[in-house]
Amino acid sequence: MHTFISKVRRRLNTGIAINSFLLALLIASALIVSLSLYFIIRGHAVETWAFITGGCIALLSWIALWVTKKKNTQQAAIYSDSHFQLKDSIVSSLEFENGSTEQKYKELQYAQTEKKIASIDSSTIPLSISKKLLAGSLASALVATSFAFVPASQAVLDRLQKEKETKAQTEEIQKLVEAEVEKLLEDLSEHEKALIDSDQIRKWAKELKPTAKEREAMLNMARVKQEIQKKIAGLENRKNEALLKAAGLKLKESSNSKAKQAGEAMSQKDFDAVKKSLEKFKLKNDQEKEHAVDDATKELMEQLKKGEQLTPEERKKLMEEFKKKLAEVRELTKRMAAAAQEGNQGEGLEEGAKFDNLPEDFPLDRLMKLMNKHAMDMQEFMDGEMLDGELMELEELMELLEMLEEMDEGLEEMQDEMDEMDARRRLRQRLQELRKRLGSGMGKQQGQKQGKGLRLNMPGGKKPGTGTDNSRRNQKDEDIDNKNHSKIKGQQGKGPVQKKIEAADSGTGTSHLKGSAQQRDYEHQMSSYLNRDDIPEDMKQAMRQYYKDIHATEQAK
Amino acid sequence: MDKEKLEAEVDSFKHTFREIKEEVGKFIVGQEDIIQNVLISICCGGHVLLEGVPGLGKTALVNTIATALELKFKRIQFTPDLLPSDVVGTQILTENQGKREFSFQPGPVFCNILLADEINRATPKTQSALLETMQEKRVTVANTTHSIGLPFFVLATQNPIENDGTYPLPEAQLDRFFFKLKVEIPNHDEFVEILHRTSGKEQPKLYPAATGKDIISMGKTISEIPIATEVMDHLVKIVRATHPGNENAPTEVNQYVRNGASPRAAQAILAASRASAILDGRYHVAKEDIDKMAVQAIRHRLILSFEGEAEGVNPDHIIESIISKVRKS
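Some details on the interface of chain B and chain A
When the parts come together, some accessible area is lost, and that loss is often what is quoted as the size of the interface.
Link 1 in the chain: Contacts between the two partners involve 24 residues from chain B, matched on the other side by 18 residues from chain A.
Link 2 in the chain: A combined buried area of about 1900 Å² lies between chain B and chain A, and 59% of that area is made up of carbon and sulfur atoms.
Link 3 in the chain: Interface area lost by chain B to chain A is led by B:Lys3, B:Tyr283 and B:His284, which between them contribute 30%.
Link 4 in the chain: On inspection of chain B and its partner chain A, the count reaches 2 salt bridges.
Link 5 in the chain: For A:Asp88, the salt bridge goes to B:Lys287, with nearest N and O atoms at 3.9 Å.
Link 6 in the chain: The interface formed by chain B and chain A holds 9 residue pairs in polar contact (both at pLDDT 80 or more) in total.
Link 7 in the chain: Put simply, the parts of the chain that give the side of chain B that touches chain A at least two residues each are α1 (3-27), α9 (229-240) and α12 (287-298) of chain B.
Link 8 in the chain: Per-element tally for the side of chain B that touches chain A: the top contributor is α1(B), with 5 residues.
Link 9 in the chain: Among the residues forming the side of chain B that touches chain A, the class breakdown is 11 nonpolar, 4 polar and 9 charged.

Encoded structure:
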């Protein structure tokens, strides 16, 4: 009997297992179909994890259902009695077998049951597989499986490809920028290093984090370029440079050759040449040729400092030399001060002003005025002492010498100022170069194909390696419309003057396509502007509309 | 106990039962279910209430059974003027050797099979006198208790169509009946057969097929048939489902039943199911046996509510719906 019950139980549990499997399959298929539709509607191919998840759920559901529904011995006995119409024979036999109280008819009943089941075939028990469930689960499994073969839409593939490219591009850009920044920091002079925080510059490179999102990449780039621009603005030295140029023009009018030379250098803003020319006005300098004073005068100055007695001839010579020096210096400082005065930008001098107390933002103005005042004081002193035509006493000569040496300090300050101005200009140039290269394609400078580099392209357009940043279009293949119809175009004759008169050595580098480079830079700036988060949306919209209208007007013309 | 002996006991039961049935069948046409249930009742020591219109052979049936069992048979026709003493007996003044004394004159109950015809025509006082006897199987008159010999069975009858001047049996007394059986009108062929048998010159001769001792022995055999817990649960569920509010009670019970069956009903069903199992050739009680015996054991114990009575609800249908619901659960 136990064998029979086991067979029945196995048979029943097989049916349960099959039905549970079908139900689990239906559940899992429904889940996979739902997930698949989520992907397909968005244009993606169905990802493998959806199927794996469905499979795992199917397996777990199957096990859970089978464990909860499977029949035990008692249930199998009840089923057997019912199905084979045994009238509770098996159930009774099982109970009487295990019963503690003695049943008189136990053995007879057991034997009777065994006789009854001897002729029964347990395999006649139907597996009771639901046809609806079978059809439903197979159909849904088929549908779910078919979704595995649905490819991603072209738009999605393109987007994914674009994201991949963007990620790769931004990684490359970051590396390039880091390399550029390190190179820039290596090449900095001491003066330039003092003007910039190297950690801050390195931080710029770090801000260009690799990302798959184009908008994020463009925002990062725009942010970094803003930072660079801010720094460049901070390094501007217009007032001092303008004053220097104006002073140069004034000095060029002088009849003194040294002053003229200095003026020439100043008007060209050749800081190095200015430094050299100022050296000639010093009382003491280390240059061999074109000394401020000859050796004999030098010797006399040494003796004077030592307090040695000088002969009248020696005193006279010294006086003449000092007078000559003063005249030169006076010529220099007078004209420089005149330029400063005409500019009228700086403040007036206060009582007891010194060379070592110069304002940070406009030191040149004050320096020139100070130097002029000092020269005037020297002149006044000299005129006072030489009024009666007598030779100056040693003490007076000493005082004049000290004044001349003090003037040397002023000249040195001015030379330092030239160094600083030079450093600022160089740093500005370097940063502008860096900023330009961020916008217009570092890749070209790294020897890569045209079109690749830091510029992140909008979707559509030409494929990488086939495009060009040259406005001349010689290619015959068509551009793919990327639906980006918002063109940034100014009104002819109304926008800012794009032409700029600059000296060749002060520009950002020679370019035979200056106009187009500027236009592209302008476009890029506008694009960065429009992508900024702090600009209100309605303003951005208004700007876009403005340029659209302009474009429409131009077309109408 | 020896297996063979047990088998022999069961075989003897089946054989005796069959013989009694056949003997009764010689005279009574059809009504096989009624005969079977009456015999089962007798074997289980229970009393039966027969309900049927006059002329269906209820009295003849009881008479025939009594003859077949070689049991002392008495009949009481219950009328409204019947007194309890007419049923149980009374003290009468007798003269014994010149001495006058009261002696007990036993009533008709002192028999083995008593036919209480139209029991619902007697007054409640007379009814209760009989019903006490049914329960106790003894009679107390003038402080003296007299035992009625075993076996003792009461087969009462009542007419379902005549309600004027009747005293319906109270629920407590109805509960004492093992079964309530409804005697139906015979079908066409049975009618014809009845006429053939009863209009002939000679009536079939009946012979005793068993004795009272046999009946007692059969009762003992019945009581030893085992029942599995699963089947016992089924029985209990059915009886409990006759009570309104029970989880297995169908809507009809909640709507039409005032009071359900007592444990006495369950005892009756169990005893009868055991007999049914033996007759079916089994050594265990099955749910089919329970279902088969439930209706006749419960129908007179189900107290209908006013709504049930007003709508003329048949208790048999309620019991069948209970069985159906319990089966499905």
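Next comes the rest of the account.
Topic: the sheet that holds strand β8 (residues 153-158) of chain B
Residues and elements named next belong to chain B.
Link 1 in the chain: The strand order across the open sheet built from 5 strands is β2-β5-β8-β1-β9, with neighbouring strands paired in parallel fashion. Sheet topology places β2 (73-77) and β9 (177-182) at the edges, where each strand pairs with a single neighbour. Here the average twist between neighbouring strands, direction ignored, is 20°.
Link 2 in the chain: Summarising the sheet, strand β1 (residues 47-51) and β9 pair through 5 bridges and their orientation is parallel. For Glu51, the partnering residue across the bridge sits in β9 and is Lys182.
Link 3 in the chain: Strands β1, β8 and β9 of the sheet are contacted by helix α2 (residues 32-44), whose axis makes an angle of about 175° with β9.

What about the packing of α9(B) against helix α11 (residues 263-279) of chain B?
Residues and elements named next belong to chain B.
Link 1 in the chain: Running from amino to carboxyl end, α9 crosses α11 at an angle of 140°, the nearest separation of the two axes being 10 Å. Between α9 and α11, the angle falls in the class oblique. Read as a crossing pair, α9 and α11 show a hand that is right-handed. Mapping the contact onto sequence places Met232, Leu235 and Val239 in α9 and Ala266, Ile269 and Leu270 in α11.
Link 2 in the chain: In terms of residue class, the contact of α9 with α11 is made up of 6 nonpolar, no polar and no charged.

Description of the confidence of the model for chain B
Link 1 in the chain: Averaged over chain B, the pLDDT score is 88; the fraction of residues at 70 or greater is 98%.
Link 2 in the chain: Scored as a complex, the prediction yields pTM 0.58 and ipTM 0.82.

Notes on helix α14 (residues 315-328) of chain B
Residues and elements named next belong to chain B.
Link 1 in the chain: Counted at 1.5 Å a residue, the expected span for α14 with its 14 residues is 20 Å, and the 20 Å between its end C-alpha atoms agrees.
Link 2 in the chain: Pro315, Asp316, Ile318, Ile319, Ser321, Ile322, Ile323 and Val326 are the residues of α14 that are buried.
Link 3 in the chain: Elements that come into contact with the buried residues of α14 comprise β9, α9, α10 (251-256), β10 (257-259), α12 and β11 (303-304).
Link 4 in the chain: For α14, the N-terminal capping position is held by Asn314, with its side-chain oxygen 3.0 Å away from the main-chain nitrogen of Asp316.

Some details on the pattern of salt bridges
Residue and element names in this part refer to chain A.
Link 1 in the chain: Taken as a whole, this structure holds 44 salt bridges over all chains when the rule is applied.
Link 2 in the chain: Of the charged contacts in the structure, one is a salt bridge between Arg437 and Glu180, with a shortest N-O distance of 2.5 Å. Of this pair, Arg437 sits in helix α17 (residues 394-440) while Glu180 sits in helix α7 (residues 154-187), placing them 257 residues apart in sequence.
Link 3 in the chain: The salt bridge involving Arg425 is made with Asp422; its shortest N-O contact spans 3.5 Å. One end of the pair, Arg425, and the other, Asp422, are both in helix α17, 3 residues apart, so they sit about a helical turn from each other.
Link 4 in the chain: Taken together, the shared-partner salt bridges in this structure form one network comprising Glu236, Arg238, Glu241, Lys269 and Arg428.

Some words on the packing of aromatic side chains
Link 1 in the chain: Enumeration over the complete set of coordinates arrives at 8 aromatic pairs over all chains.
Link 2 in the chain: Judged by centre distance (5.7 Å) and plane angle (70°), the rings of A:Phe39 and A:Trp49 are edge-to-face. Taken together, the residues span a long stretch of sequence, with A:Phe39 in helix α1 (residues 2-41) and A:Trp49 in helix α2 (residues 48-69) at a distance of 10 residues.
Link 3 in the chain: With a relative accessible area of 5%, A:Phe39 lands in the buried category.
Link 4 in the chain: Ring plane angle 55° and centroid distance 4.8 Å describe the contact between B:Phe178 and B:Phe179, whose orientation is recorded as tilted. The same class applies to B:Phe178 as to B:Phe179, namely buried.
Link 5 in the chain: Cluster of aromatic residues (ring-pair linked, three or more members): A:Tyr38, A:Phe39 and A:Trp49.

A short note on the environment of A:Arg424
Residues and elements named next belong to chain A.
Link 1 in the chain: As for its placement among the helices and strands, Arg424 is situated in helix α17.
Link 2 in the chain: For the pair Arg424 and Ala194, spaced 230 residues apart in the sequence, the C-alpha separation amounts to 10.0 Å.
Link 3 in the chain: In this view, Arg424 contacts Leu195, Gly234, Leu235, Glu236 and Asn237; residues no more than four positions away in its chain are not counted.
Link 4 in the chain: A polar side-chain atom of Arg424 sits 3.4 Å from the main-chain carbonyl oxygen of Gly234.

Some details on helix α5 (residues 106-118) of chain A
In an α-helix, one full turn covers 3.6 residues, which means residues spaced three or four apart are oriented alike.
Residue and element names in this part refer to chain A.
Link 1 in the chain: Here α5 contains 13 residues, and its C-alpha end-to-end distance of 18 Å stays within 8% of the 18 Å for a straight helix at 1.5 Å per residue.
Link 2 in the chain: Looking at α5, one finds that the buried residues are Leu108, Gln109, Gln112, Thr113 and Ile117. Within α5, the buried residues cover an arc of 160° as seen down the axis, which keeps them to one side. Residues of α5 that are exposed and angled more than 90 degrees away from the buried face: Glu107, Lys115 and Ala118.

Concerning the nonpolar core
All names here are of chain B.
Link 1 in the chain: Counting 94 residues, the largest nonpolar core has Val38 and Leu50 as its most contacted members.
Link 2 in the chain: With 10 residues, α11 is the single largest residue contributor to this core.
Link 3 in the chain: When residues of this core are assigned to domains, at least three fall in each of domain 1 (1-224) and domain 2 (225-329).
Link 4 in the chain: Not counting chain neighbours up to four residues away, the residues in contact with Val38 comprise Val48, Leu50, Leu61, Ile65, Leu155 and Leu181.

Focus: the pairing of strand β6 (residues 138-141) of chain B
Residue and element names in this part refer to chain B.
Link 1 in the chain: Burial of the side chains of β6 is restricted to one face: Val139 and Val141 are buried, whereas none of Arg138 and Thr140 on the reverse face is.
Link 2 in the chain: Across 4 bridges, the pairing between β6 and strand β7 (residues 144-147) is antiparallel. Note on β7: the bridge partner recorded for Thr140 is Thr145.
Link 3 in the chain: Where β6 folds back on β7, the antiparallel hairpin that results is connected by 2 residues, among which Ala142 adopts a positive phi of roughly 55°.

Topic: the environment of A:Asp272
Residues and elements named next belong to chain A.
Link 1 in the chain: Within the fold, Asp272 resides in helix α13 (residues 271-279).
Link 2 in the chain: Using a relative accessible area of 43% as the deciding quantity, one classes Asp272 as partly exposed.
Link 3 in the chain: For the pair Asp272 and Gln415, spaced 143 residues apart in the sequence, the C-alpha separation amounts to 8.8 Å.

Some points on the pairing of β8(B)
The side chains of a regular strand alternate between the sheet's two faces.
Residue and element names in this part refer to chain B.
Link 1 in the chain: For β8, a buried count of 6 out of 6 residues is recorded, marking the element as mostly surrounded by other parts of the structure.
Link 2 in the chain: Burial along β8 is two-sided: the face carrying Phe153, Leu155 and Thr157 and the face carrying Val154, Ala156 and Gln158 are both buried.
Link 3 in the chain: Where β1 and β8 come together, 4 bridges link them in parallel fashion. Note on β8: the bridge partner recorded for Val48 is Leu155.
Link 4 in the chain: Of the strand pairs in this sheet, strand β5 (residues 113-117) and β8 are connected by 4 bridges, and their pairing is parallel. Bridge pairing in β8 links Leu115 to Leu155.

Some thoughts on a negative patch on the surface
All names here are of chain A.
Link 1 in the chain: Taken together, the side chains of Asp295, Glu299, Glu302 and Glu308 present a region of like negative charge at the surface.
Link 2 in the chain: Here Glu308 shows up in the loop between α14 (295-306) and α15 (312-343).
Link 3 in the chain: Taking the relative accessible area as the measure of exposure, Glu308 reaches 33% and is therefore partly exposed.

Procedures and definitions
Residues numbered from 1 in each chain as written. Chains lettered and ligands numbered in written order. Predicted model: local features only at pLDDT ≥ 70, side-chain atom pairs only at ≥ 80, totals over all residues. Heavy atoms only, no water. Contact = heavy atoms within 4.5 Å. Buried area = accessible area lost by both parts, 1.4 Å probe. Salt bridge = Lys/Arg side-chain N within 4 Å of Asp/Glu carboxyl O. Polar contact = N/O pair within 3.5 Å; in protein donor to acceptor, adjacent residues only side chain to side chain. Helix = DSSP H or I, 4+ residues; strand = E, 2+ residues; numbered from the N terminus. Nonpolar A, V, L, I, M, F, W, Y, C, P; charged D, E, K, R; others polar. Pairing = 2+ DSSP bridges. Axes fitted to C-alpha atoms, helices over the stretch in contact; angles between N-to-C directions. Parallel < 35°, antiparallel > 145°, perpendicular 65-115°, else oblique. Left-handed = near helix turned anticlockwise from the far one by under 90°. pLDDT = per-residue confidence, 0-100. Expected span 1.5 Å × (residues − 1). Buried < 20%, exposed > 50% of the residue type's maximum accessible area, 1.4 Å probe, protein only. Phe/Tyr/Trp six-rings, centres within 6.5 Å; stacked < 30°, edge-to-face > 60°. Arc of directions from axis to C-beta. Core = buried A, V, L, I, M, F, W, Y, C linked by side-chain atoms within 4.5 Å. Domains from an automatic or database assignment. Patch = residues over 30% accessible without salt bridge, like charges linked within 9 Å, V, L, I, M, F, W, Y side chains within 5 Å. Areas by Shrake-Rupley, 256 points an atom, 1.4 Å probe, with all protein chains shown as cover. Lys, Arg positive; Asp, Glu negative; His and termini not counted. Charge placed at Lys NZ, Arg CZ, Asp CG, Glu CD.

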